[in-house]
Amino acid sequence: MNQKRHTSPSRRHGKHKPHSASFVSAPKVAFDGAKLVLQTGRERSILRRHPWVFSGAVERVEGDAQSGDTVQVCDAEGGFLAWAAYNSESQIVARVWSWQAEEKIDADFFRRKIARALTLRKDLKLELHSNGTRMIHGESDGLPGLIVDQYADVLVLQLGSAGVELWRETFADCLQELCQPACIYERSDSDGRALEGLEKRSEVLRGQLPENLSVTENGIHIAVDVATGQKTGFYLDQRDNRALIGELSTGRDVLNCFCYTGGFSLYALRGGANTVLSIDSSADALQLAQRNVELNALDASRAEWQQADVFEALRKLRDQNRKFDLIVLDPPKFAPTAAFAEKAARAYKDINLLAFKLLRPGGILATFSCSGGVSDDLFQKIVAGAALDAAVDAQIVHKVNAAADHPVLLSFPEGAYLKGLVLRVTG
Ligand code: SAH
């Protein structure tokens with residue numbers, strides 16, 4: 001790996017180019033690595049601090065760059081725009097590390113970024129609510145492709161881009177030094193890695209994985225399987241929304257669709273729900289969910305678990321004329337990108353329509369989308385269409401998003417993937 005050359009001090013001595021009348025190019029910055037020269041006019045998104053460079057925006061690559069290498073992104077005149085991680089295999093050909101010409105992309109740079117991300121979480125006083133937190137949230141923490149989740153004294157690292165792949169050991173060293181976890185586990189096995197030309201990997205990076213790992217979130221114990229569970233083991237982003245559903249569940253018959261390891265169900269049971277029916281297609285998830293009921297000494301007789309496809313199960317419940325007072329719909333990502341939005345819209349409409357029909361008057365529907373390709377607006381329109389077709393009127397009681405340890409960069413709206421509507425059926 002040629003990381004050394006990224007730290008070359010030579011590039012610090014930027015040469016200024018006289019500004020032309022038609023196009024004011026940024027100053028040139030000397031660099032002995034490769035340069036990614038953008039087409040005329042295609043520098044705008046980078047100037048707006050969006051961290052992605054799409055392959056279609058690139059005029060040419062000057063010099064030799066391997067996947068993951070730091071390159072200098074330049075405007076059409078060769079003026080400095082940003083330092084970024086290169087990946088020839090991805091449509092996102094570069095992801096920005098820094099917009100500062102004087103920045104060195106080295107281990108110390110990453111240590112500072114990680115420390116800054118940890119400071120935010122500390123300021124949020126998350127430890128008052130949970131020992132399961134998202135410590136690093138990719139682009140939104142200035143580290144494109146890097147996810148780090150904390151489950152008690154275990155950290156789970158997920159690398160989703162060639163840039164972060166290259167700095168894997170550096171991240172492990174920094175996290176070990178700054179957090180002193182018992183274990184750092186790598187779960188780099190998301191489907192997105194194929195788009196980056198990366199193989200899947202899932203293994204212990206540092207320390208030893210404890211056998212029975214659990215987090216305590218708002219007083220609820222949740223077993224987490226970081227090695228084989230979904231994502232990094234748990235859906236930390238729904239923490240606040242689970243608490244909200246717990247509060248709304250008192251005295252209600254609850255239906256939790258796509259329940260995974262029972263997150264919303266556990267809160268509903270503790271919140272005093274009459275009954276909770278939870279549905280998921282994964283037998284492993286349901287097994288862990290039932291263990292979680294025991295772990296919290298909750299009344300298992302009020303909980304019913306069903307391994308089924310939610311699309312089919314909702315139809316069956318409709319045919320059986322079952323009714324509920326609170327329904328949670330938290331499906332997986334139907335639309336990873338905008339290209340899948342139409343197909344996803346049909347799926348969202350289908351389950352929301354069925355859910356509206358299963359609700360008693362005054363019932364609550366908590367409906368979520370974690371699809372980056374479906375905007376807040378579109379999601380609300382889909383749900384409104386579903387209510388119309390189900391012939392119900394509903395009001396929005398809460399509009400919710402991911403918890404605060406999943407911040408969103410103003411310049412990177414794509415980071416706001418999770419959206420939810422808590423609706424009350426009025427008639
Ligand atoms: N609400 C959960 C997270 C849900 S993740 C929490 O708070 O922790 C989405 C879940 O949907 C996964 O557990 C997955 O197994 C399940 N799933 C995906 N497709 C499904 C389908 N068609 N029917 C039922 N479950 C499905």
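Residues numbered from 1 in each chain as written. Predicted model: local features only at pLDDT ≥ 70, side-chain atom pairs only at ≥ 80, totals over all residues. Heavy atoms only, no water.

Asker: So what exactly am I meant to see when it comes to the sheet that holds strand β16 (residues 303–307) here?
Answerer: Strand pairing in a sheet relies on backbone hydrogen bonds. The paired strands run either parallel or antiparallel. In spatial order, the strands read β16-β15-β14-β17-β18-β20-β19; together these 7 strands make up an open sheet with mixed pairing. At either end of the open sheet lies a strand with only one pairing partner, and these are β16 and β19 (394–401). Across the sheet, the mean angle from the axis of one strand to that of its neighbour is 15°, orientation sign disregarded. Relative to the sheet, helix α6 (residues 239–248) contacts β17 (324–329), β18 (359–369), β19 and β20 (419–425), its axis offset from that of β19 by approximately 145°. (Pairing = 2+ DSSP bridges. Helix = DSSP H or I, 4+ residues; strand = E, 2+ residues; numbered from the N terminus. Axes fitted to C-alpha atoms, helices over the stretch in contact; angles between N-to-C directions. Contact = heavy atoms within 4.5 Å.)

Asker: When you look at the domain arrangement of the chain in this model, what are you seeing that I'm missing?
Answerer: Size of an interface: often given as the accessible area lost when the parts come together. By domain assignment, the chain separates into domain 1 (2–98), domain 2 (107–207) and domain 3 (235–425). Inter-centroid distance (C-alpha atoms) of domain 1 to domain 3 is 43 Å. (Domains from an automatic or database assignment.)

Asker: Looking at this structure, how should I read helix α11 (residues 376–390)?
Answerer: For the α-helix, the turn length of 3.6 residues means that residues three or four positions removed from each other point alike. With 15 residues, α11 should cover 21 Å at 1.5 Å per step; its first-to-last C-alpha distance of 21 Å lies within 8% of that length. When we look at burial in α11, the residues that qualify are Phe 379, Ile 382, Val 383, Gly 385, Ala 386, Ala 387 and Ala 390. Buried residues belonging to α11 abut α10 (341–358), β18 and β20. Taken from the residues just after α11, Ala 391 is the one with a positive phi, measuring 60°. (Expected span 1.5 Å × (residues − 1). Buried < 20%, exposed > 50% of the residue type's maximum accessible area, 1.4 Å probe, protein only.)

Asker: How should I be thinking about the site of the ligand in this particular structure?
Answerer: In the vicinity of the ligand, 16 residues are found, and the nearest of them are Arg 242, Asp 280, Asp 309, Val 310 and Asp 330. Phe 258 has a polar backbone atom sitting 3.4 Å from a nitrogen atom of the ligand. Ser 281 places a polar main-chain atom, nitrogen or oxygen, 3.0 Å from a nitrogen atom of the ligand. If the ligand stood free it would expose 590 Å²; the protein chains cover 91% of that surface. (Near = heavy atom within 4 Å. Polar contact = N/O pair within 3.5 Å; in protein donor to acceptor, adjacent residues only side chain to side chain. Areas by Shrake-Rupley, 256 points an atom, 1.4 Å probe, with all protein chains shown as cover.)

Asker: I'm lost on the pairing of strand β4 (residues 70–74) in this one. Help?
Answerer: Each regular strand carries side chains that alternate between the two faces of the sheet. The buried fraction of β4 amounts to 5 of the 5 residues, a majority that puts the element mostly inside the structure. Of the two faces of β4, the one holding Thr 70, Gln 72 and Cys 74 and the one holding Val 71 and Val 73 are both buried throughout. The pairing of strand β1 (residues 35–38) with β4 spans 3 bridges and is classified as parallel. Counted as the bridge partner of Leu 36 is Val 73 from β4. Bridging between β4 and strand β5 (residues 80–86) involves 5 bridges; their strand directions are antiparallel. Looking at β5, one finds that Cys 74 is bridged to Phe 80. Remark: 5 residues form the turn of the hairpin made by β4 and β5, two consecutive strands paired antiparallel; Gly 78 in that turn has positive phi of roughly 90°.

Asker: Explain the pattern of salt bridges to me, please; I cannot follow it from the model alone.
Answerer: Pairs may arise between side chains of opposite charge once their charged atoms sit close together. Going through the model one piece at a time under the given rule, you end up with 29 salt bridges. Close ionic contact of Glu 203 with Arg 168 constitutes a salt bridge, the shortest N to O distance being 2.7 Å. With Glu 203 in strand β11 (residues 201–207) and Arg 168 in helix α4 (residues 168–179), this residue pair connects regions lying 35 residues apart in the sequence. One network of salt bridges, in which partners are shared, links Glu 165, Arg 168, Glu 169, Asp 173, Glu 186, Arg 193, Arg 201, Glu 203 and Arg 206. (Salt bridge = Lys/Arg side-chain N within 4 Å of Asp/Glu carboxyl O.)

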